[in-house]
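Understanding the architecture of this molecule
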Amino acid sequence: MGREDFVRQELGMLHGMPLYKSFIEAWPQVEAFQARPDDLLICTYPKSGTTWLSEILDMIYNDGNVEKCKRDAIFKRVPFLEMSVPDMPGGIELLATMPSPRLVKTHLPVQLLPKSFWEQDCKVIYVARNPKDVVVSYYYFYQMAKIHPDPGTKEEFLQNFMAGKVAYGSWYSHVKDWWEKRKEKRLLYLFYEDMKQDPRPEVQKVARFLGKELPESLVEKIVHHTSFQEMKKNSAANYETLPEWVMDHNLSPFMRKGITGDWKNHFTVAQNERFNKHYKEQMKDSELCFRMEI
Ligand code: PPS
């Protein structure tokens, strides 16, 4: 696939889930991916705090050495498993040559995760974010990341999101299915809102999950380096080194606002009411609870 077939293409379908056609083309290699037992998988629905958690983990893996964490862009330090874009090394390619222990990013729903991760009993950290902020963040990401089709109006995008007709499908199934998986697997489930309210205990939770206890001074250093303000100006974390035909930060920066509750600036009263009703219906079979504000 060339660049002209990549920019603003309609989504394809992968086993019933809407996804970018360039990713679908590379799917056989992703499905056959061989995980290593010490791989750590960072799993999220898009726009839920993936980059933030990735930077936290790289800092923990490098004992808080900021210079080491600037050795390369985040998408090279933590390869995106199913990513495939013309003229750039894909996730599988980057991972093949990466020394262990690897950090791996994915947005795949439970049922599509390559089997090998389960066979190797890899640890997984999942981050979930409230859907109102996810849909707003996703709307702006659709505009700036050219792999997406045109998002249409906010109203159209909201409807598509609620119907699971956006890349990676239904947010509701994604967060619920991964929540269930934590009952049988080595999986830590985090919430963006908790990280936002007070990142310290969440960083400690992550470290403990990795079998480490961090001194307070190191936690402070990690929290500072991974704050939104620091990451926004860090070219190794803010995606600004990608070419403009992949992401155009003039349309909307990748590091956009980094807050909880921005949806209030975007939802109309009617949209909010409709969303709440649909949310209640979709989530009634789950004990999962999201905070739409903090
Ligand atoms: S992606 O493309 O799916 O991997 O995006 P992802 O990293 O999951 O989500 C991007 C949103 O996370 C915000 N962000 C942060 N918030 C708080 N603190 C830190 N350090 C941070 N880093 C990234 C980013 O700004 C996107 O959210 P919005 O609401 O659009 O600002």
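Note that the coordinates shown come from a computational prediction; the quantities given were computed from them, not determined experimentally.

Definitions and limits used
- Residues numbered from 1 in each chain as written.
- Predicted model: local features only at pLDDT ≥ 70, side-chain atom pairs only at ≥ 80, totals over all residues.
- Heavy atoms only, no water.
- Pairing = 2+ DSSP bridges.
- Helix = DSSP H or I, 4+ residues; strand = E, 2+ residues; numbered from the N terminus.
- Axes fitted to C-alpha atoms, helices over the stretch in contact; angles between N-to-C directions.
- Core = buried A, V, L, I, M, F, W, Y, C linked by side-chain atoms within 4.5 Å.
- Buried < 20%, exposed > 50% of the residue type's maximum accessible area, 1.4 Å probe, protein only.
- Contact = heavy atoms within 4.5 Å.
- Near = heavy atom within 4 Å.
- Polar contact = N/O pair within 3.5 Å; in protein donor to acceptor, adjacent residues only side chain to side chain.
- Areas by Shrake-Rupley, 256 points an atom, 1.4 Å probe, with all protein chains shown as cover.
- Nonpolar A, V, L, I, M, F, W, Y, C, P; charged D, E, K, R; others polar.
- UniProt positions renumbered as here; feature names shortened; annotations may be inferred.
- Phe/Tyr/Trp six-rings, centres within 6.5 Å; stacked < 30°, edge-to-face > 60°.
- Lys NZ or Arg CZ within 6 Å of the ring centre and 35° of its normal.
- Salt bridge = Lys/Arg side-chain N within 4 Å of Asp/Glu carboxyl O.
- Parallel < 35°, antiparallel > 145°, perpendicular 65-115°, else oblique.
- Left-handed = near helix turned anticlockwise from the far one by under 90°.

So, about the sheet that holds strand S5 (residues 123-128). Taken in spatial order, the 4 strands make up an open sheet running S4-S3-S5-S6, and their pairing is parallel. Each edge of the sheet is formed by a strand with only one pairing partner; in this case those strands are strand S4 (103-106) and strand S6 (187-191). Ignoring strand direction, the axes of neighbouring strands in this sheet form an average angle of 20°. Inspection of the sheet shows S5 paired to S6 by 5 bridges, in the parallel sense. Looking across to S6, one finds that Val124 is bridged to Leu187.

The next point concerns the nonpolar core. Tyr138, Phe161, Tyr168, Trp171, Trp178, Tyr189 and Phe290 are the most contacted members of the largest nonpolar core, which has 104 residues in total. Here this core gets 9 residues from one element, more than from any other, and that element is helix H8 (residues 131-144). Residues within four places of Tyr138 in sequence aside, it is in contact with Tyr20, Tyr45, Pro46, Lys47, His148, Phe157, Phe161, Val166, Ala167 and Tyr168.

As a further point, take the site of the ligand. In the region of the ligand, 22 residues are neighbours, and Thr50, Thr51, Ser137, Tyr192 and Lys257 sit closest. One of the side-chain nitrogen or oxygen atoms of Arg256 is found 2.8 Å away from an oxygen atom of the ligand. In the complex, 98% of the free accessible area of the ligand, which totals 640 Å², lies under the protein chains. Contributing elements (two or more residues each) for the shell around the ligand: helix H3 (50-61), H8 and helix H14 (228-233). If you tally residues by element for the shell around the ligand, the top one is H3, at 3 residues. Among the residues making up the shell around the ligand, the classes are represented as 8 nonpolar, 9 polar and 5 charged.

According to UniProt, the feature "domain: Sulfotransferase" (unreviewed entry) maps to residues 37-286 in the numbering used here. In this annotation, residues 37-286 is assigned 45% helix and 8% strand; the end-to-end C-alpha distance for the span is 31 Å.

As enumerated under the stated definition, the model contains 28 aromatic pairs in all. Ring geometry for Tyr20 against Tyr168: centres 6.3 Å apart, planes inclined by 75°, an arrangement best described as edge-to-face. Within this pair, whereas Tyr20 is found in the loop between strand S2 (17-19) and helix H1 (21-25), its partner Tyr168 is found in the loop between helix H9 (154-162) and helix H10 (171-181), the two being separated by 148 residues in sequence. Considered together, Tyr20 and Tyr168 belong to a single accessibility category, that of buried residues. Counting every residue linked through ring pairs, the aromatic cluster contains Trp118, Tyr126, Trp171, Tyr172, Trp178, Trp179, Tyr189, Phe191, Tyr279 and Phe290. Over the ring of Phe80 we find Lys105, and its NZ or CZ is 4.4 Å from the ring centre. Just above the ring of Trp179 sits the side chain of Arg182; from NZ or CZ to the centre is 3.6 Å.

Let's shift gears to the pattern of salt bridges. Under the defined criterion, the tally for this structure stands at 21 salt bridges. Glu202 is paired through a salt bridge with Lys205; the nearest N and O atoms lie 3.0 Å apart. Taken together, the positions of Glu202 and Lys205, both in helix H12 (residues 199-209) and 3 residues apart, correspond to about one turn of that helix. Its relative accessible area of 8% is what places Glu202 among the buried residues. A salt bridge links Lys257 to Asp262; the nearest nitrogen and oxygen atoms lie 2.7 Å apart. Among the ionic contacts, a cluster of salt bridges with common partners joins Glu55, Asp58, Arg71 and Arg77.

Two measures define how a pair of helices packs: the angle their axes make with one another and the distance between the axes. One can describe the packing of H3 onto H12 by two numbers: an axis separation of 11 Å at closest approach and a directional angle of 60°. With respect to H12, the axis of H3 lies oblique. The chirality of how H3 crosses H12 is right-handed. Of H12, the residues touching H3 (which contributes Leu53, Ile56, Leu57 and Ile60) are Val203, Val206 and Ala207. By residue class, the composition of the contact of H3 with H12 is 7 nonpolar, no polar and no charged.

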